[in-house]
Structures are given as structure tokens and as C-alpha cells.
Amino acid sequence: MAVEPVVYGASERPPRGDYARARDDYTCPQNWSAYTEADHDTYRRLYERQSALLPGLACDAFVDALPSLGVKDRIPQFEEINERLTPVTGWEIVAVPGLIPERPFFELLASRRFPVTDWIRKPDEFEYIVEPDVFHDLFGHVPLLFNPVFADYVQRYGAGGLKADDLGAGELLSRLYWYTIEFGLIQQADGLRAYGAGILSSSGELCHSVTSTAPQRIALDLQRCMRTRYKIDDYQATYFVIDSFQQLFDMTAPDFTAHYAAVRSAGDLAADATIASDSRITLG
Ligand code: PHE
Ligand code: FE
């Protein structure tokens, strides 16, 4: 096949996953019959542990939609999820062999197809994996695709990514993905909650992001966010907080071209930087 695997971050490792199975758009059939009993058991144990941690830490929209993933005791078949998801928000999930390059990733999102890695971590990687697997992708990302406003945001992000790529601003926009779709926090009436997939699928960072006094929390500001580098090998030093998915959608609706220029001239900030204009959110 014509596709090349993608190398993530600074890693020297070849990416996992068999890219020979991929079509030109990087999607592949979910190789469901290849899962072993041990694979299903890993999923079942991850699901059980993570779902028990959600109360008081995960946002309501996530908790409400989680049952829509269906079976908890084995890896779901993606078609089963699509039967419920597509009628609600027009999204479908598609299998991919692992991480894929930015441009095809943006193209899938822009057409309301969310790429889900089909392999699952090995038992000795239960606590931590470097690359996203089917548990992260399904449990972390798919429940909020049932929320109409959030689902529209992700689609618009994909379209915006294609444009950013043309403007050479892909890296800046990827920080918005990181700090919202992966590591976002939301202020609910009853307190701060997580909505980012990287947090919601992590046993340690879920509690850390919402309750620890170590990281800083800042009201989401687009340029501030796109200036901020992020950590790929540790808990985030900074979390950006939104008030609602509608606020996130509205804030990101305008053309970003001027934002990219402003962010470039303002320069990057370290993951733990503090600046005077930050609107900081304190706990309690
Ligand atoms: N409005 C952005 C632009 O014009 C695109 C975008 C939408 C980016 C939603 C992120 C999220 O570039
Ligand atoms: Fe993710």
C-alpha cells in the first residue's frame, strides 16, 4: 500500500501497527477476530478501573454518553458503535493501524470520521503506553462525539487543520487540539471537570488534572494556548479551562489567519510559563 507509518514526537521507535493493512486514506478494517482473550480482558479491566474513577472528575456530557460505547467486557466492534453514533451526530469511527500523519488525520475529521487505533496495549503496558491504543481512542474520544456541539467542534477542527497546514501553522493549531480535545477541563456549575480524552483515559492524570494544586489552570485564550508548548511524557503543567462546549465552538469559529500571525510574532511559551494576562482559575 502507498501509505507510510508516522513517527510520533521525538521518538526513534518505529510506530506500532501494521501499516501494510491501510488503505490510501490510512483507514483499515478493524481486525476484530484477531483480538485474543487476553486483549479483551485488558480492555475489560481498563474500562472497569477507569469508569469507577469518573464521578466528580469527568464532565457530565462524558459520563452520560459513556454507556453508548456498548459492551464493557470486550473490545467493541466499531460497526456496533456506529449504529448508535451516526444517527445522533453524523459521525462514524474508522479503524486505523496507529498514529497517522496530520493531513490525512485532518481529512478524516473534516469528513466526520474519527480514526480509532485498532490494537490494544499488552498486559505489561497496562498503566502507560506511549502511543494511543484502542482503549484511549474509544474510551477517551468517542463518548463526546455523541455531543452535537462537541462533535461539530471536532469536525471544524479538521477543516481548520487543512487550512492551517496550507498556512504552515499546523504545529500551532495542534496545540489547540492538545489542550482541548486531549487535555481540556470544563467549569461545570458543580465544579471543575475533565473533558479531554488524554485525561479521561488516564488513571493518574484524571484526578491530578482536576484536584492537584501542582498544575496551573487558565481560562482558555486561543493565542495563549497556541503559544504554549506541551509535555508528551509527563502530566501537563498547564490546563486550559472552558465554560461550555458552545463557548469553545464560538471562540474557534472565526478565521484563525490573524491569530497565527500574532502567535508567531509573540513567540512560544514553555509548558509551565505564567504570563500577566492569564486568567488563572484556582481550586475551591
Ligand atoms: N476557525 C478556524 C480557522 O479559520 C478553524 C477552526 C475551527 C480551528 C474550530 C479549530 C477549531 O482557521
Ligand atoms: Fe487522543
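Whatever comes next refers back to the structure up there.
Residues numbered from 1 in each chain as written. Chains lettered and ligands numbered in written order. Predicted model: local features only at pLDDT ≥ 70, side-chain atom pairs only at ≥ 80, totals over all residues. Heavy atoms only, no water.

A closer look at the site of ligand 1
What counts is decided by this rule: Nearness is defined per residue: one heavy atom within 4 Å of the molecule or strand is enough. Polar contacts, as used here, are pairs of N or O atoms within 3.5 Å; protein pairs need one atom able to donate a hydrogen and one able to accept it. Residues neighboring in sequence count only if both atoms are side-chain atoms. Only the protein chains shown count as cover for residues, and the accessible areas themselves come from Shrake-Rupley with a 1.4 Å probe. With a 1 Å grid spanning the protein atoms alone, the term cavity applies to any set of points in which a 1.4 Å probe fits but cannot get out, the term pocket to an open set with protein on both sides within 12 Å along at least five of seven lines, and the term lining residue to any residue with an atom within 4 Å of a point. Molecule-in-pocket calls rest on the fraction of atoms, with more than half required to lie within 2 Å of the cavity or pocket grid points. Helix and strand definitions follow DSSP, with helices as H or I runs of at least four residues and strands as E runs of at least two, each counted in order from the N terminus.
The local shell around ligand 1 consists of Tyr153, Arg156, Tyr157, Gly160, Lys163, Leu173, Leu176, Thr252, Ala253, Pro254, Asp255 and Phe256. Measuring from an oxygen atom of ligand 1, one finds a side-chain N or O atom of Lys163 at 2.4 Å. Here Pro254 contributes a backbone N or O atom positioned 2.7 Å from a nitrogen atom of ligand 1. For ligand 1, the accessible surface in isolation is 330 Å², of which the surrounding protein chains cover 93%. Judged by the proximity of its atoms to the pocket grid, ligand 1 belongs to the second largest pocket. Listing elements by their share of the shell around ligand 1, those giving two or more residues are helix H6 (148-166) and helix H7 (170-182). Here the element with the most residues in the shell around ligand 1 is H6; it accounts for five residues.

Let's talk about the environment of Asp190
Mapped onto the elements, Asp190 comes out in the loop between strand S3 (185-188) and strand S4 (191-194). Remark: the alpha-carbon pair of Asp190 and Ser202, spanning 12 residues in sequence, is separated by 22 Å. Polar contacts involving the side chain of Asp190 include one to the side chain of Gln188, which spans 2.9 Å. A polar contact of 3.4 Å, which involves the side chain of Asp190, links it to the side chain of Arg193.

Some remarks on the pairing of S4
We count it as follows: Here, strands pair whenever DSSP counts at least two bridges between them.
As defined by bridge partners, S3 adjoins S4 across four bridges and the pair is classed as antiparallel. Bridging across to S4, Gln187 finds its partner in Leu192. Once S3 ends, the chain turns through two residues before running back antiparallel as S4.

Considering the packing of aromatic side chains
Aromatic ring pairs are described here by two measures, namely the spacing of the ring centres and the angle between the planes. In plain terms, the rule: A pair of Phe, Tyr and Trp rings is counted when the ring centres sit within 6.5 Å of each other, with Trp represented by its six-membered ring. The angle between the planes then sorts it: under 30 degrees is stacked, over 60 is edge-to-face, the rest tilted. Accessible area is worked out with a 1.4 Å probe on protein chains only. A residue is then buried under 20% of its type maximum, exposed over 50%, and partly exposed in between.
Scanning the entire structure with this criterion turns up 19 aromatic pairs. Centroid distance Tyr43 to Tyr47: 6.2 Å. Interplanar angle 45°. Geometry classified as tilted. Separated by four residues within a single helix, Tyr43 and Tyr47 lie in helix H1 (residues 37-53), roughly one turn from each other. Taken individually, Tyr43 and Tyr47 each receive the classification buried, so the pair is uniform in this respect. A ring pair is formed by Tyr47 and Phe139, whose centres lie 5.3 Å apart and whose planes are at 90°; its orientation type is edge-to-face. In this pair, Tyr47 is assigned in helix H1 and Phe139 in helix H5 (residues 134-141), connecting sequence segments 92 residues apart. Each member of the pair, Tyr47 together with Phe139, is buried.

Note that every value here comes from positions in space, so none of it alone points to a role or purpose.
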